[in-house]
Number of protein chains: 2
Amino acid sequence: MAVSDANLPIGVFDSGMGGLTVLAALRQHMPTEDFIYLGDTARLPYGTKSAATVGRYAVQAANVLVQRGVKALVVACNTASATALDLLAKEFAPLPVFGVVDPGAAAACAVTDASGVAVLATESTIAGGAYQRALLAQQPALRVLGRPCPLWVTLAEQANFASPLTNAILLDGVAGLVKTAGTPDAPSVLLLGCTHFPIFTAQLKQLLGEGVRVIDSALTTAAMVAAAMQAQNLVADHGGKAVFMATDGVQRFQTVGAVFMGEAIPDVELIDL
Amino acid sequence: MAVSDANLPIGVFDSGMGGLTVLAALRQHMPTEDFIYLGDTARLPYGTKSAATVGRYAVQAANVLVQRGVKALVVACNTASATALDLLAKEFAPLPVFGVVDPGAAAACAVTDASGVAVLATESTIAGGAYQRALLAQQPALRVLGRPCPLWVTLAEQANFASPLTNAILLDGVAGLVKTAGTPDAPSVLLLGCTHFPIFTAQLKQLLGEGVRVIDSALTTAAMVAAAMQAQNLVADHGGKAVFMATDGVQRFQTVGAVFMGEAIPDVELIDL
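Residue numbers restart at each chain and count upward from 1, following the sequence in its written direction. Chains and ligands are labelled sequentially in the order written, the chains with letters from A and the ligands with numbers from 1. Selection of residues for local features in this predicted model requires a pLDDT of at least 70, selection of side-chain atom pairs for listing and counting requires 80 or more, and totals for whole chains, interfaces and linings are taken over all residues.

### So, the overall build of chain A
Counting its regular elements, chain A contains 11 helices and 10 strands. The reference for a compact globule is 2.2 Å times residues^0.38; the radius of gyration itself is calculated from the C-alpha atoms. Over its C-alpha trace chain A gives a radius of gyration of 18 Å, about what one expects of a compact globule, namely 19 Å for 273 residues. Across its three principal axes, chain A shows a C-alpha extent of roughly 55 × 40 × 35 Å. Note on conventions: DSSP H or I runs of at least 4 residues are helices, E runs of at least 2 residues are strands, and numbering of each starts at the N terminus.

This is the structure we're talking about:
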């Protein structure tokens, strides 16, 4: 495959629909690019599975995109980015492979002060420690706290923002973790380490006040991919289409996915992995 | 395979650890039986997946148990019971195959009054309507309400019973649905249509008061399987062992599973499906 074909689409995959927040950011940053998105909905969530299983699933998902012809791969899944990025880069070299962990960590480091960074993510992302390591690699003296927010994924898929229960679950997730919760030495930067969580950004800011910065990996990842495409002379000169594939539940993908994508999702192709 | 070998184990499978509430009930009812339990943890949850995918996964899981030699199959997963029981019975005939939906519905019908039954389950179990149909098949004039409680599965796996947030999420799930919530014509019977939910039984009773009956399919399923084994002359004369298999995350299976099982879980064999 000619990796150098600038008019090939960019392949994006996630365990499900959460990665559509990353796709939305990518499309916003790169309006002339085509994208193929694959959500491995039959096997979601990756966030409670072992590293070995996540690696196997990620290679299978990426392989579908590579077979269709892509000029780059974006791993829009925090769990897969955290555990399988090196494996994917090796497996599909020389194709450029981008994850969401390093960009998210870079964005958090850019705005943090001495109070440090609190990472909110799934159980396995926090337990695996990839965000914590990425933050410390970029800023070795940084104060880093990680907290799993397992309820937030399901909560995000319900998209019931106005419910008082949603506020309660969000506040519980950050209890004692942020400045505004009455803990003066708590981190002032909240790094959302799960693609589902950016849909709560506005609500978190409202709940926690102006003193807390909420960082969403999607935006920095998109900026980083755009810069890399430019650096490698791989910017498409026309395009802007996005096509969608899922491994299960096409209708649910469209309904729930539209919340993450911020716009309606047209046809979704059902594929088997 | 000689289905008539009474000393073969009973095979039990679930999408993950929730089915251990059913296994615990089975062991309590049938102390001389051996059991093999398979949790398809690599592909959980089944509750948000399509009927076709759930059917395929269920046949694969059941097949592992059948290959090892079992005298009966218990589908300890509500989603699989609701969508794939006929398929499994056909696929593995003449092996007796038991689900949890009909027993749960029977138990609810046995205690209901004119106010009817509220079914609490996963999105797909409620959307599929299997409990509603099973209840109406047994009692055609019954008043039946179904409500998805998607947050409860993750909540159960956290096992953080003392948290005020747990109470809030449980109360939100039954809001406006039960007598004690200030709705005098609401159902007085709560049918727990997800194997994860029985661990909340005591807490729900405490929150909702004595007026509400909480029905757990596991107990009736166990009684029904025990009766069928007796009727078919398949009661083991010695045994009492349980062995465990999972398709991913053996350590998490042991930790989280112990909550559902109500006792420590020894070795878990990792298998691939």
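### Considerations on the packing of helix H4 (residues 101-111) of chain B against helix H6 (residues 130-138) of chain B
Residues and elements named next belong to chain B. Every axis in this analysis is a line fitted to C-alpha atoms, fitted for helices over the stretch in contact. Angles between the N-to-C directions lie between 0 and 180 degrees. Orientation of H4 relative to H6, taken along the N-to-C sense of each, is 50°, at an axis distance of 9 Å. Classed by the angle they form, the pair H4 and H6 counts as oblique. The chirality of how H4 crosses H6 is right-handed. Along the contact surface, H4 presents Val101, Asp102, Gly104, Ala105, Ala106, Ala108 and Cys109, while H6 presents Ala130, Tyr131, Ala134, Leu135 and Gln138. In this classification, the charged set is Asp, Glu, Lys and Arg, the nonpolar set is Ala, Val, Leu, Ile, Met, Phe, Trp, Tyr, Cys and Pro, and all remaining amino acids, among them Gly, are polar. Its residues placed into classes, the contact of H4 with H6 shows nine nonpolar, two polar and one charged. What sets the label is the angle itself: under 35 degrees gives roughly parallel, over 145 gives roughly antiparallel, 65 to 115 gives roughly perpendicular, and the rest give oblique. Left-handed describes a crossing whose near helix is turned anticlockwise from the far helix by less than a right angle; the clockwise case is right-handed. Here contacts are defined at the residue level, using C-beta atoms placed from the backbone and a cut-off of 7 Å between them.

### A look at the relation of the copies chain A and chain B
Mapping one chain copy onto the other needs a rotation about an axis and a shift along that axis. The superposition of copies rests on a least-squares fit of C-alpha positions from residues with pLDDT of 70 or more in both. With an RMSD of 0.0 Å, the operation that places chain A on chain B is a rotation of 180° combined with a shift of 0.0 Å along the axis. Taken together, the turn and the small shift mark the pair as related by a two-fold rotation axis. Closest to the rotation axis within chain A is the C-alpha of Arg43 of chain A, separated from it by 2.5 Å. A share of 100% of the interface residues of chain A reappears at the interface of chain B, consistent with the copies meeting face to face through the same patch.

### Some thoughts on the sheet that holds strand S6 (residues 144-148) of chain B
Residues and elements named next belong to chain B. Strand order across the open sheet formed by four strands is S6-S5-S7-S8, with parallel pairing between neighbours. Either end of the sheet is taken by a strand with one partner, and the two such strands are S6 and strand S8 (213-216). Put simply, the sheet's adjacent strands are angled 25° from each other on average, direction ignored. Should DSSP find at least two bridges between two strands, the strands are taken to pair. In this sheet, strand S7 (residues 189-192) lies alongside strand S5 (residues 117-121) in parallel orientation, the contact comprising four bridges. Bridged to Leu120 within S7 is Leu192.

### Quick look at the domain arrangement of chain A
Residues and elements named next belong to chain A. Boundary definitions for the domains trace back to an automatic or database domain assignment. By domain assignment, chain A separates into domain 1 (10-99 + 219-270) and domain 2 (101-217). A straight line from the C-alpha centre of domain 1 to that of domain 2 covers 22 Å. In this complex, domain 1 contributes 25 residues to the contact, which on the side of domain 2 involves 24 residues. Elements supplying a minimum of two residues to the side of domain 1 that touches domain 2: helix H1 (20-29), helix H3 (78-91), helix H10 (217-231) and helix H11 (250-261). When residues in the side of domain 1 that touches domain 2 are grouped by element, the largest group, five residues, is from H3. When the residues that make up the side of domain 1 that touches domain 2 are grouped by side-chain class, the tally is 11 nonpolar, 12 polar and two charged.

### Details of the pairing of strand S8 (residues 213-216) of chain A
Sheet topology places strand S7 (residues 189-192) of chain A next to S8 of chain A; four bridges connect them, and they run parallel. Bridge pairing in S8 of chain A links Val189 of chain A to Arg213 of chain A.

### As for the interface of chain A and chain B
Taken residue by residue, the interface counts 18 residues in chain A and 18 residues in chain B. Of all the elements in the fold, those that place two or more residues in the side of chain A that touches chain B are helix H7 (150-158) and helix H8 (164-173) of chain A. Element by element, the count of residues in the side of chain A that touches chain B is highest for H7 of chain A, at five residues. Split into classes, the residues belonging to the side of chain A that touches chain B amount to seven nonpolar, six polar and five charged.

### Some thoughts on helix H11 (residues 250-261) of chain B
Residues and elements named next belong to chain B. To sort residues by burial, count the other C-beta atoms lying within 10 Å of each one's C-beta; a count of 20 or more means buried, 12 or fewer means exposed, and anything in between means partly exposed. C-beta atoms are built from the backbone. Taken together, the buried positions of H11 are occupied by Val250, Arg252, Phe253, Val256, Gly257, Phe260 and Met261. In a view along the axis of H11, the buried residues occupy a sector of 145°, so they form one face of it. Directly beyond the C-terminal end of H11, a positive phi value near 75° is found at Gly262. The arc under discussion is defined with respect to the helix axis, by the directions toward the C-beta atoms.

### Comments concerning the sheet that holds strand S3 (residues 72-75) of chain A
Residues and elements named next belong to chain A. A sheet is described by the order of its strands in space; here six strands give the open sequence S4-S3-S1-S2-S9-S10, paired in parallel fashion. At either margin of the open sheet sits one strand with a lone partner, and together these are strand S4 (97-98) and strand S10 (268-270). Where strand S2 (residues 35-39) meets strand S9 (residues 242-246), five bridges bridge the pair, whose relative direction is parallel. Looking across to S9, one finds that Phe35 is bridged to Ala242.

### Notes on the pairing of S9 of chain A
All names here are of chain A. Extensive coverage of S9 is indicated by the burial of four of its five residues. In this sheet, S10 lies alongside S9 in parallel orientation, the contact comprising three bridges. By the bridge assignment, Met245 is partnered in S10 with Glu269. With the strands aimed away from the viewer, a crossover counts as right-handed if its path from the first strand over the helix to the second runs clockwise. With H11 bridging S9 and its parallel neighbour S10, the resulting β-α-β unit is right-handed.

### Quick word on unusual backbone geometry
Omega for the peptide link from Ala93 of chain A to Pro94 of chain A comes to 10°, which places this bond in the cis form. Among the secondary structure elements, Pro94 of chain A is positioned in the loop between H3 and S4. Phi is positive for Ala159 of chain B, which is not a glycine, with a value near 55°. Here Ala159 of chain B lies in the loop between helix H7 (151-158) and helix H8 (164-173). Backbone geometry at Asn233 of chain B places phi at a positive 60°, although glycine is not the residue there. Mapped onto the fold, Asn233 of chain B is located in the loop between helix H10 (217-231) and strand S9 (242-246). Assessed through the 8 C-beta atoms surrounding it within 10 Å, Asn233 of chain B is described here as exposed.

### Quick look at the nonpolar core
Think of a nonpolar core as buried Ala, Val, Leu, Ile, Met, Phe, Trp, Tyr and Cys residues, each tied to the set through C-beta atoms within 7 Å. Val75 of chain A together with Val75 of chain B are the most contacted members of the largest nonpolar core, which has 188 residues in total. Excluding residues within four positions of it along the chain, Val75 of chain A makes contact with Phe13, Ala58, Ala80, Ser81, Leu85, Leu88, Val97, Phe98, Gly99 and Val100 of chain A.

### A word on the confidence of the model for chain A
Each residue carries a pLDDT score, the predictor's own confidence in it, on a scale running from 0 to 100. Considering every residue of chain A, the mean pLDDT works out to 91; 97% of them sit at 70 or more. Under the prediction, the complex receives an ipTM of 0.77, its pTM being 0.84.

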